[in-house]
Amino acid sequence: MHTSAPPRFEDAVLRDGDLQLDALTVLDAPRIAEACNDPQTQRWLPLPTPYSHDDALFYVNQMAHHSLDSGDGIERAIRLDGDFVGVIGLKETSRAAAKTEAGYWLAPWGRGQGVMTRALRLLTDWALDTQGIGRVEAHVAPENGASLGVARRAGFIEEGLMRRAGFTHAGPTDLVLFSRLADDPRP
Ligand SMILES: CC(C)(COP(=O)(O)OP(=O)(O)OC[C@H]1O[C@@H](n2cnc3c(N)ncnc32)[C@H](O)[C@@H]1OP(=O)(O)O)[C@@H](O)C(=O)NCCC(=O)NCCS
């Protein structure tokens, strides 16, 4: 029986000036663990608590590879002048619908500089322009003002509220549905 590999994202390095999105490595694990234990990261993302160095290694060595190999998405380190400052990725990709969903976090030392706005634009433009994707979604809790700001500044259009569609450690949460389409005006 012939089985063809699933369509998958290109294992690409994306650059915009001092910003680079590339593959995670085991050398990133200590800083991933530090950032994922930050209270703001834990507030909005249902990550293991506490988040151990082994959790970070599992993410880098298993989850990120599985995402790419299965066609589900892609995980990229965000580097500013070469220094690791956070993670951005795509997940829940449907090739039939040509759609995917962006997710992201910044380490505390990467925040407040507009890095995630640039990273989200860069990854979204790449997916829409070169990876056969027609729609990129972002799902953000209505109380997560920092992330709402990122989605809006990156040119995402607010479509409505998905009631109790997500969860944090505090329990189920509503999610604001954002999207950018391939033919939307560029931010
Ligand atoms: C969501 C998150 C990534 C946003 O980080 P952020 O630093 O606020 O986002 P940006 O990188 O776009 O930076 C915006 C900030 O930089 C400032 N800034 C400076 N230069 C800027 C520029 N050229 N362009 C845009 N913003 C700029 C903005 O004023 C803003 O600061 P302010 O909030 O004090 O006004 C971060 O809060 C985080 O990791 N939170 C925890 C995890 C999380 O919530 N993930 C998202 C789940 S949906």
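With an unreviewed UniProt entry as reference, the chain is termed Acetyltransferase, source organism Luteococcus japonicus LSP_Lj1.

(A) View of the pairing of strand S8 (residues 171–181). Burial of S8 is extensive: eight of the 11 residues sit out of reach of the surface. Here strand S6 (residues 135–140) pairs with S8 via six bridges, running antiparallel. Paired with Val 136 across the two strands is Arg 180, which belongs to S8. Looking at chain direction, strand S7 (residues 157–168) and S8 are connected through eight bridges and run antiparallel. Across the sheet, Thr 168 pairs through a bridge with Gly 171, a residue of S8. Counting the residues that bridge the hairpin from S7 to S8 gives two residues.

(B) Region of the structure containing the packing of aromatic side chains. In this structure the tally under the stated criterion is two aromatic pairs. Here Phe 84 and Trp 105 contribute two aromatic rings whose centre-to-centre distance is 6.1 Å and whose plane-to-plane angle is 65°, an arrangement assigned as edge-to-face. In this pair, Phe 84 sits in strand S4 (residues 83–94) while Trp 105 sits in strand S5 (residues 99–106), placing the two residues 21 residues apart along the sequence. Residue Phe 84 shares its accessibility class with Trp 105, and that shared class is buried. The aromatic ring of Trp 44 is capped on one face by Arg 43, whose charged end is 3.9 Å from the ring centroid. Over the aromatic face of Phe 9 sits the side chain of Arg 95, whose NZ or CZ is 4.8 Å from the ring centroid.

What counts, and where the lines are drawn
Residues numbered from 1 in each chain as written. Predicted model: local features only at pLDDT ≥ 70, side-chain atom pairs only at ≥ 80, totals over all residues. Heavy atoms only, no water. Buried < 20%, exposed > 50% of the residue type's maximum accessible area, 1.4 Å probe, protein only. Helix = DSSP H or I, 4+ residues; strand = E, 2+ residues; numbered from the N terminus. Pairing = 2+ DSSP bridges. Phe/Tyr/Trp six-rings, centres within 6.5 Å; stacked < 30°, edge-to-face > 60°. Lys NZ or Arg CZ within 6 Å of the ring centre and 35° of its normal.

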